[in-house]
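Below are the chains, spelled out letter by letter.
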Amino acid sequence: MKLMFVPETAEKIKSMEIRGAGRIARAAAAALRDHALAQKAPDNAAFRQEMERAAAELVATRPTAVSLPNAVHFVMAGLGAGETAEEAQAAVVRRAEEFIRSSQHAVEKIAEFGARHIRDGDVILTHCNSEVALACMIEAFRSGKEIEVFATEVRPRNQGLITIRTLDEAGIKTNYIVDSAVRSFIHDVDLVLVGADAVTVNGAVVNKIGTSQVAHTAAEARVNVIVAAETYKFAPRTVVGELIQIEERPPGEVLPPEIAGTLPHVRVRNPAFDVTPAEYIDLIVTEQGAIPPQMAYVIIREYLGWEIGEFRKAFDLNGGHED
Ligand code: RI2
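The shown structure was predicted, so the numbers you read here are calculated from the model rather than taken from an experiment.

A. Structural detail: the overall build of the protein chain. If you tally the helices and strands in the protein chain, you get 12 helices and 10 strands. Over its C-alpha trace the protein chain gives a radius of gyration of 21 Å, about what one expects of a compact globule, namely 20 Å for 323 residues. With respect to the principal axes defined by its C-alpha atoms, the protein chain has extents near 60 × 50 × 45 Å. Pairs at least 24 residues apart make up 76% of the contacts formed inside the protein chain by residues separated by at least 6 positions. Put simply, the protein chain shows about 15200 Å² of open surface, and 52% of that area lies on carbon and sulfur atoms. In the protein chain, which carries 34 positive and 45 negative side-chain charges, the distance between the mean positions of the two groups comes to 1 Å.

Take a look at the structure:
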């Protein structure tokens, strides 16, 4: 087993060598597990402090995908276990393993549920590179459904390339298009299927920049939009009014600095994500089943285990005290 060190993992998440909301979450859990194991004969207070520091370093890497803080929160709850550092250490390791296992299981479950929403002969449009959205398509294809996919290029990081390689490997007939061609092809499409970086309490989906344009185009053409999202992509803190921060990445990803440098009046903007309102989404497929986006609160309440007392503590509401 290759050990995942925290600084190395944090760097890879930041540079997007490790990317995709689910993969980021699993990598963070693995890094916390290995970091905990690396603390030999730890002193109680020092162990907890060091784990908190490492957790903060991981969470600070990318601000939008809520799977990252949710995974870290799940693993770090192990710090509360037992009296000694060894007990806390064992609990952190156990919880990290549990998160990774259940995340992989969630992808399989969503593939199974999502594939049932794909009919034989469907043409599906996807945007960006979503492990879960692709798993649904591959499962549908594997079960004998003849499908065809339109995959966007996804400027500026070209995640569409990863998507078409995966689809090609699976033997699925695929069309590769530039992002701005979505409206030109939407009438050839039966279904839009994308992933999510975050789902808010009002059912809005935060996903790769351009998703909201795709969903808007689909709504205009009366094409259904399905989002594949594990429950740990739902954002508990949106219940108490926290907004999802949209990451803005370096301008050099969009325009090379040697060109940008010659244009003193031009400012390049590079938001990595956008928000698709619930009314443009027909269904969110989670590992607990498919829900209309308006039911996001139920997922947050039932499956994320963040109690209101915890929100208060996190935001220092009510002086951090529970009622
Ligand atoms: P899975 C990605 O973000 C894309 O926005 C993708 O739709 C989403 O994470 C979910 O990915 P980025 O890391 O977890 O490419 O479904 O910025 O793989």
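B. How the structure looks around the sheet that holds strand E6 (residues 205-208). The three strands lie next to each other as E5-E6-E8, forming an open sheet whose pairing is antiparallel. In this open sheet, the two edge strands, each paired with only one partner strand, are strand E5 (198-199) and strand E8 (273-276). Pairing between E5 and E6: two bridges, direction antiparallel. Looking at the pairing, Ala 198 lines up with Val 206 of E6. In the packing of helix H9 (residues 211-220) onto the sheet, contacts are made with E6 and E8, and the angle to E8 comes to roughly 30°.

C. Geometry of the environment of Val 132. Position of Val 132 relative to the elements: it lies in helix H6 (residues 131-142). For the pair Val 132 and Gly 20, spaced 112 residues apart in sequence, the C-alpha to C-alpha distance is 9.8 Å.

D. Geometry of the site of the ligand. Residues in close proximity to the ligand total 18 residues, the closest being Arg 19, Ser 130, Asp 197, Asn 207 and Lys 233. With respect to the ligand, the side chain of Gln 159 contributes an N or O atom lying 3.0 Å from an oxygen atom. Here an oxygen atom of the ligand and a side-chain polar atom of Lys 233 are 2.7 Å apart. Starting from 450 Å² of accessible surface for the ligand in isolation, the protein chains cover 100%. Looking at the shell around the ligand, the elements with two or more residues in it are helix H2 (21-38), H6 and E6.

E. Summary view of the pattern of salt bridges. Under the criterion given, the structure shown has 19 salt bridges. In this structure, Glu 247 engages Arg 249 in a salt bridge whose closest nitrogen and oxygen atoms are separated by 2.7 Å. For the pair shown, Glu 247 and Arg 249 are each scored as buried. Taken together, the shared-partner salt bridges in this structure form one network comprising Arg 62, Arg 157, Glu 247, Arg 249 and Glu 253.

F. Main features of unusual backbone geometry. Pro 156 follows Arg 155 through a cis peptide bond whose omega is 0°. If you check the backbone angles, Met 16 has positive phi at about 70° while not being a glycine. Tracing the sequence through the fold places Met 16 in the loop between helix H1 (6-14) and H2. Met 16 gets classed as buried once you look at its relative accessible area, which sits at 6%. The residue Cys 128 is not glycine, and still its phi comes out positive at about 70°. Structurally, Cys 128 can be placed in the loop between strand E1 (123-126) and H6.

G. Molecular detail of the nonpolar core. In this structure, Leu 32, Val 192, Phe 234 and Ile 284 are the most contacted members of the largest nonpolar core, which totals 62 residues. Residue contributions to this core peak at nine residues, all from H2. Look past the residues within four positions of Leu 32 in its chain and what remains in contact with it is Met 51, Ala 54, Ala 55, Leu 58, Val 72, Val 75, Met 76 and Val 92.

Rules behind the numbers
- Residues numbered from 1 in each chain as written.
- Predicted model: local features only at pLDDT ≥ 70, side-chain atom pairs only at ≥ 80, totals over all residues.
- Heavy atoms only, no water.
- Helix = DSSP H or I, 4+ residues; strand = E, 2+ residues; numbered from the N terminus.
- Rg over C-alpha atoms; globule rule 2.2 N^0.38 Å.
- Contact = heavy atoms within 4.5 Å.
- Areas by Shrake-Rupley, 256 points an atom, 1.4 Å probe, with all protein chains shown as cover.
- Lys, Arg positive; Asp, Glu negative; His and termini not counted.
- Charge placed at Lys NZ, Arg CZ, Asp CG, Glu CD.
- Pairing = 2+ DSSP bridges.
- Axes fitted to C-alpha atoms, helices over the stretch in contact; angles between N-to-C directions.
- Near = heavy atom within 4 Å.
- Polar contact = N/O pair within 3.5 Å; in protein donor to acceptor, adjacent residues only side chain to side chain.
- Salt bridge = Lys/Arg side-chain N within 4 Å of Asp/Glu carboxyl O.
- Buried < 20%, exposed > 50% of the residue type's maximum accessible area, 1.4 Å probe, protein only.
- Core = buried A, V, L, I, M, F, W, Y, C linked by side-chain atoms within 4.5 Å.

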